[in-house]
Amino acid sequence: MNEHPPTLGDGSPSNANGAITSAISARGVTKTYPATGKTPEVQALKSVDLTIPVGSFFGLLGPNGAGKSTLINILAGLVKKTDGSVAVWGHDIDSETRAARAAIGVVPQELNLDPFFTPSETMEFQAGLYGVPKSERRTAELLAAVRLTDQADAYARRLSGGMRRRLLLAKALAHQPPILVLDEPTAGVDVELRHQLWAYIRELNAGGVTVLLTTHYLEEAEALCDHVAIINHGEVIVHEPTAQLVAKLDRKVVTITLTDPQQVIPESLAQFDAELTSPQTLAVQYAPSQTAVGQVLDAVRQAGWTIADLTTEQSDLEEVFLALTSAKD
Ligand SMILES: Nc1ncnc2c1ncn2[C@@H]1O[C@H](COP(=O)(O)OP(=O)(O)OP(=O)(O)O)[C@@H](O)[C@H]1O
Ligand SMILES: [Mg+2]
């Protein structure tokens, strides 16, 4: 969202020359969860490299079990990596653990709140943990920002799922970290609230906070993120600005129902990736940026075939994973 990194105060990550470097830098990060009596060893991350520019809105996309939470939890100091190195806001997570942790606020995937704390107490406790002086705490302001003012003194166990997620967001911001990490922030949040959350997170990003979020939804990443990485089976398979990735997704399928059964793909369709999936169903893949669907339809008519019906379909994330992973092999 921000073309240029915002001007930051003293806490900016900088190298020896004082130049700003990345908000998060992971190199060769590997995680192996050891085998237990019942489960085999799991290689959740395989030498992951990731660079998150200061001020960016970064999306980490991947299917279930890809390793997103594992990676995020390593960055946040919640899971211990097996190998590799990570710097958060310029601080190595092994040698400068406290400084690294202070630079990051995490909204976890699990709604892990103490049921006997109220939102106000939760916020105060969190600020206390990070040593934020009473005069600098922003409990009321943050609860208002996530629309929880009315629930400020209700026990967390009385909050709905969406309210809990919003409280977790406020909690992650209690120590005003320069990096905000959100693990599936909109899971279980209704559409209206999702848009409010997005708006608020965008505002934080516009104010200079570097945002990293994980999501299953390409749509969500497309709407919010200026950079996207795709992770699959513990490996980062794509890491680039969103616009470039979207260009890669330049693939549509038009499925045409024919009035008469056919056997052979005609000459006029030879230039397309066309297939008869049944005698009366023709599926044609094309790149919308290069080919208009009208050209495909013209080619079908040119063959003398008549179209009874048609549907088009954009490639979804699952297909993209497949396309990208098989392209790499
Ligand atoms: N504490 C753990 N012990 C053993 N294996 C684990 C543990 N946590 C995660 N895993 C395994 O590591 C792999 C990656 O899991 P992870 O939770 O990082 O994926 P994810 O991308 O966040 O998935 P989701 O989209 O479902 O949240 C999976 O195979 C998972 O079963
Ligand atoms: Mg996860």
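From a predicted model like this one, the values you see are computed outputs, not experimental measurements.

Draft legend 1. Layout of the packing of aromatic side chains. What the rule picks out here adds up to one aromatic pair. Aromatic side chains Phe117 and Phe125 sit 5.7 Å apart centroid to centroid with 85 degrees between the ring planes, which places their arrangement in the edge-to-face category. On the accessibility criterion, Phe117 (27% relative accessible area) is partly exposed.

Draft legend 2. Seen up close, the pattern of salt bridges. Tallying each qualifying case throughout the model produces four salt bridges. Of the charged contacts in the structure, one is a salt bridge between Arg138 and Glu141, with a shortest N-O distance of 3.1 Å. The class for Arg138 is partly exposed, based on a relative accessible area of 25%. Notably, a salt bridge pairs Arg301 with Asp298, separated by 3.2 Å at the nearest N-O pair.

Draft legend 3. View of the nonpolar core. Formed by 41 residues in total, the largest nonpolar core has its most connected members in Leu169, Leu180 and Leu182. For this core, the element with the most residues is helix α6 (residues 191-206), which contributes six residues. Excluding residues within four positions of it along the chain, Leu180 makes contact with Gly105, Val107, Leu169, Ala172, Leu173, Leu204, Val209, Thr210, Val211 and Leu212. In this structure, Ala23, Leu75, Val106 and Leu212 belong to the second largest nonpolar core, which totals 30 residues.

Draft legend 4. Spatial organisation of the sheet that holds strand β13 (residues 281-286). Strand order across the open sheet formed by four strands is β12-β13-β11-β14, with antiparallel pairing between neighbours. Every interior strand has two partners, whereas the edge strands, β12 (273-278) and β14 (307-314), have only one. Neighbour-to-neighbour, the strand axes of this sheet turn through a mean angle of 20 degrees, independent of strand direction. Packed on one face of the sheet, helix α9 (residues 293-302) meets β11 (252-258), β13 and β14 and runs near 30 degrees to β11.

Draft legend 5. Here's a closer look at the coordination of the magnesium ion (ligand 2). At 2.0 to 2.1 Å from the magnesium ion (ligand 2) lie its protein donor atoms, namely Ser69 (OG) and Gln109 (OE1). Taken together, the residues Ser69 in helix α1 (residues 68-75) and Gln109 in the loop between β6 (104-107) and α3 (119-129) connect sequence positions 40 residues apart. Gln109 gets classed as partly exposed once you look at its relative accessible area, which sits at 32%.

Draft legend 6. The site of ligand 1, seen in detail. The full set close to ligand 1 counts 14 residues, and Asn64, Gly65, Lys68, Ser69 and Thr70 are the nearest of them. Here Thr70 contributes a side-chain N or O atom positioned 2.5 Å from an oxygen atom of ligand 1. Burial of ligand 1 by the surrounding chains reaches 63%, relative to a free accessible area of 630 Å². Here the shell around ligand 1 gets three residues from one element, more than from any other, and that element is α1.

Draft legend 7. Representation of the sheet that holds strand β7 (residues 179-183). Spatial ordering of the open sheet is given by β6-β7-β8-β3-β9-β10, a layout of six strands whose pairing is mixed. Strands with a single pairing partner mark the edges of an open sheet, and in this sheet they are β6 and β10 (235-241). Sheet twist, expressed as the mean angle between neighbouring strand axes with direction ignored, is 15 degrees. As defined by bridge partners, β7 adjoins strand β8 (residues 210-215) across five bridges and the pair is classed as parallel. Bridge pairing in β8 links Leu182 to Leu213. Sitting on the sheet, α1 is in contact with β3 (57-61), β6, β7, β8 and β9 (227-232), with an inclination near 150 degrees to β8. On the sheet, α6 packs against β3, β7 and β8 and is oriented at approximately 130 degrees with respect to β3.

Draft legend 8. Geometry of the environment of Thr214. Positionally, Thr214 belongs in strand β8. Thr214 gets classed as buried once you look at its relative accessible area, which sits at 0%. Placed 156 residues apart in sequence, Thr214 and Phe58 show a C-alpha to C-alpha distance of 8.6 Å. Discounting chain neighbours no more than four positions away, the residues touching Thr214 are Leu60, Lys68, Ile72, Leu182, Asp183, Glu184 and Pro185. Within the local environment of Thr214, its side chain forms a polar contact with the side chain of Asp183, the two groups lying 2.6 Å apart.

Draft legend 9. Looking closely at the confidence of the model for the protein chain. Looking at the protein chain as a whole, its pLDDT mean stands at 86, while 89% of the residues score no less than 70. In the predicted structure, residues 1-10 sits below a pLDDT of 50 and forms 19 contacts with residues beyond four places in sequence or in another chain.

Draft legend 10. Just the side chain of Arg166, in detail. The topology assignment puts Arg166 in helix α5 (residues 161-172). By relative accessible area, which is 9% here, Arg166 ends up buried. Among all residues touching Arg166, those that are not within four sequence positions of it are Val146, Arg147, Leu148, Leu193 and Leu197.

Draft legend 11. Broad picture of a nonpolar patch on the surface. A surface patch of nonpolar side chains, about 330 Å² in accessible area, is lined by Phe125, Leu129 and Tyr130. For Leu129, a relative accessible area of 59% corresponds to the exposed category.

Draft legend 12. Molecular detail of unusual backbone geometry. Of note in the backbone geometry, Ser47 takes a positive phi value of approximately 50 degrees without being a glycine. Topologically, Ser47 is positioned in strand β2 (residues 42-52). You will see that Gln176, though not glycine, has its phi angle at about 50 degrees, which is positive. Following the sequence through the fold, Gln176 ends up in the loop between α5 and β7. When its relative accessible area of 45% is taken as the criterion, Gln176 is described as partly exposed.

Conventions used here
- Residues numbered from 1 in each chain as written.
- Chains lettered and ligands numbered in written order.
- Predicted model: local features only at pLDDT ≥ 70, side-chain atom pairs only at ≥ 80, totals over all residues.
- Heavy atoms only, no water.
- Phe/Tyr/Trp six-rings, centres within 6.5 Å; stacked < 30°, edge-to-face > 60°.
- Buried < 20%, exposed > 50% of the residue type's maximum accessible area, 1.4 Å probe, protein only.
- Salt bridge = Lys/Arg side-chain N within 4 Å of Asp/Glu carboxyl O.
- Core = buried A, V, L, I, M, F, W, Y, C linked by side-chain atoms within 4.5 Å.
- Helix = DSSP H or I, 4+ residues; strand = E, 2+ residues; numbered from the N terminus.
- Contact = heavy atoms within 4.5 Å.
- Pairing = 2+ DSSP bridges.
- Axes fitted to C-alpha atoms, helices over the stretch in contact; angles between N-to-C directions.
- Donors = N, O, S within 2.8 Å, 3.2 Å for Na, K, Ca; no water.
- Near = heavy atom within 4 Å.
- Polar contact = N/O pair within 3.5 Å; in protein donor to acceptor, adjacent residues only side chain to side chain.
- Areas by Shrake-Rupley, 256 points an atom, 1.4 Å probe, with all protein chains shown as cover.
- pLDDT = per-residue confidence, 0-100.
- Patch = residues over 30% accessible without salt bridge, like charges linked within 9 Å, V, L, I, M, F, W, Y side chains within 5 Å.

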